[in-house]
Amino acid sequence: MAGDSEALLRDREESTTVIRQPFLIGVSGGTASGKSSVCEKIMEKLGQNEIDRHQRQVAILSQDSFYKVLTPEQKAKALKGQFNFDHPDAFDSDLIMQTLRQILEGETVQIPVYDFVTHSRKEEFVTVYPADVVLFEGILMFYSQEIRDLFQMKLFVDTDPDTRLSRRVLRDINERGRDLEQVLSQYITFVKPAFEEFCLPTKKYADLIIPKGADNLVAINLIVQHIQDILNGGQTKRQNGFTNGHSTPRQRRASESSSRPH
């Protein structure tokens, strides 16, 4: 009888276990505006970059991982710098939505790895484990309302266009094997017009605009403090109308905890 009572108690506890949704933060801004640097600085100040990725409470995702698989014709154009990677149609929005829904369900997700040299997806994936806070950065994170509405906080990294261009030139030449003429031609033909048409108008959806990117320590410290409040479960409602609902740290599903390395 005692064993039956213990089993019944365990069943009741499991049936009442609440799976808390992670707090999603969208980070947008123009090309080379410093979106990744802002996310990395936040991770650094939270000390999450020093924690094994299996146990991190904060995770970072990039929209760049979700470029569509190109057709042979599109790939030929891409290799010549004639494909518009800054257009909304270049991204696999369906896969982004599917991934975000899985994250909100507390699931472990597999993130594609994109090769910017060959303009193709690699065969391997990056595993992202359940976290309490997820930062998702990309130039068009706020373009789709369906995706935009999933973020509880939206940040826009606002950096001077000349600074962004110089950063992009150096990045594309040093990391992606492009020549200067191709980089500038692509910027003038695709990047700048797409920014003005698709990215810049989404700035109005941001809850917080961050001038100077990762150098704006005042803004970053405010964001870090808010994330710490979420992780510590010490704040159930935020100022400025945001609600996080994290009264206690989010509990893992039993199936996930058993599959996670320790």
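The protein goes by Uridine-cytidine kinase in an unreviewed UniProt entry, where it is assigned to Xiphophorus maculatus. Turning to the protein, the UniProt record has this under Sequence similarities (unreviewed entry): "Belongs to the uridine kinase family." Quoted verbatim from the Function (unreviewed entry) heading of the UniProt record, the comment on the protein is "Phosphorylates uridine and cytidine to uridine monophosphate and cytidine monophosphate. Does not phosphorylate deoxyribonucleosides or purine ribonucleosides. Can use ATP or GTP as a phosphate donor."

(A) Representation of the overall build of the protein in the model. Looking only at helices and strands, one finds nine helices and seven strands in the protein. Counting across all 262 residues of the protein, residues that qualify as buried make up 45%. Sequence separation of at least 24 residues holds for 73% of the intrachain contacts in the protein that already meet a minimum separation of 6. Surface summary for the protein: the accessible area is close to 13900 Å², and the carbon and sulfur share equals 49%.

(B) Region of the structure containing the packing of aromatic side chains. The tally for this structure, following the rule as stated, stands at nine aromatic pairs. Between Tyr67 and Phe85, the ring centres sit 5.3 Å apart and the planes meet at 90 degrees, which makes this aromatic pair edge-to-face. You can see Tyr67 sitting in the loop between strand S2 (58-62) and helix H3 (72-79) and its partner Phe85 sitting in the loop between H3 and helix H4 (93-104), a full 18 residues away along the chain. Ring pairing ties together the aromatic residues Tyr67, Phe83, Phe85, Phe91, Tyr114 and Phe116, which thus form one cluster.

(C) Expanded view of unusual backbone geometry. Positioned with a positive phi, Ala32 is a non-glycine residue whose angle comes to about 55 degrees. Along the polypeptide, Ala32 turns up in the loop between strand S1 (23-29) and helix H2 (35-46). Its identity as a non-glycine residue notwithstanding, His119 has a phi of 60 degrees, on the positive side. Relative to the helices and strands, His119 resides in the loop between strand S3 (109-115) and strand S4 (120-128).

(D) Quick peek at the nonpolar core. Residues Ile25, Ile42, Val58, Val133 and Ile227 are the most contacted members of the largest nonpolar core, which totals 23 residues. It is helix H8 (residues 217-232) that provides the largest number of residues to this core, a total of seven residues. With sequence-adjacent residues up to four places away left out, Ile227 is seen in contact with Ile25, Ile42, Leu46, Val58 and Val133. Counting residues in hydrophobic clusters, the runner-up holds 20 residues, among them Leu104, Val128, Phe142 and Phe151.

(E) Region of the structure containing the sheet that holds strand S5 (residues 133-137). Strand order across the open sheet formed by five strands is S2-S5-S1-S6-S7, with parallel pairing between neighbours. Since the sheet does not close on itself, it has two edges, and those belong to S2 and strand S7 (208-211), each with one partner. Here the average twist between neighbouring strands, direction ignored, is 20 degrees. Pairing of S1 with strand S6 (residues 153-158), which is carried by five bridges, proceeds in the parallel orientation. Bridged to Gly29 within S6 is Val157.

(F) Spotlight on the packing of H2 against H8. H8 packs onto H2 with a crossing angle of 55 degrees between their chain directions and a minimal axis gap of 10 Å. In terms of orientation, H2 and H8 fall into the oblique class. Seen from above, H2 lies across H8 with right-handed handedness. Judged by residue contacts, Lys41, Ile42, Lys45 and Leu46 of H2 engage Leu217, Ile220, Asn221, Ile223, Val224, Ile227 and Gln228 from H8. Counted by class, the contact of H2 with H8 contains seven nonpolar, two polar and two charged residues.

Conventions and cut-offs
- Residues numbered from 1 in each chain as written.
- Predicted model: local features only at pLDDT ≥ 70, side-chain atom pairs only at ≥ 80, totals over all residues.
- Heavy atoms only, no water.
- UniProt positions renumbered as here; feature names shortened; annotations may be inferred.
- Helix = DSSP H or I, 4+ residues; strand = E, 2+ residues; numbered from the N terminus.
- Buried < 20%, exposed > 50% of the residue type's maximum accessible area, 1.4 Å probe, protein only.
- Contact = heavy atoms within 4.5 Å.
- Areas by Shrake-Rupley, 256 points an atom, 1.4 Å probe, with all protein chains shown as cover.
- Phe/Tyr/Trp six-rings, centres within 6.5 Å; stacked < 30°, edge-to-face > 60°.
- Core = buried A, V, L, I, M, F, W, Y, C linked by side-chain atoms within 4.5 Å.
- Pairing = 2+ DSSP bridges.
- Axes fitted to C-alpha atoms, helices over the stretch in contact; angles between N-to-C directions.
- Parallel < 35°, antiparallel > 145°, perpendicular 65-115°, else oblique.
- Left-handed = near helix turned anticlockwise from the far one by under 90°.
- Nonpolar A, V, L, I, M, F, W, Y, C, P; charged D, E, K, R; others polar.

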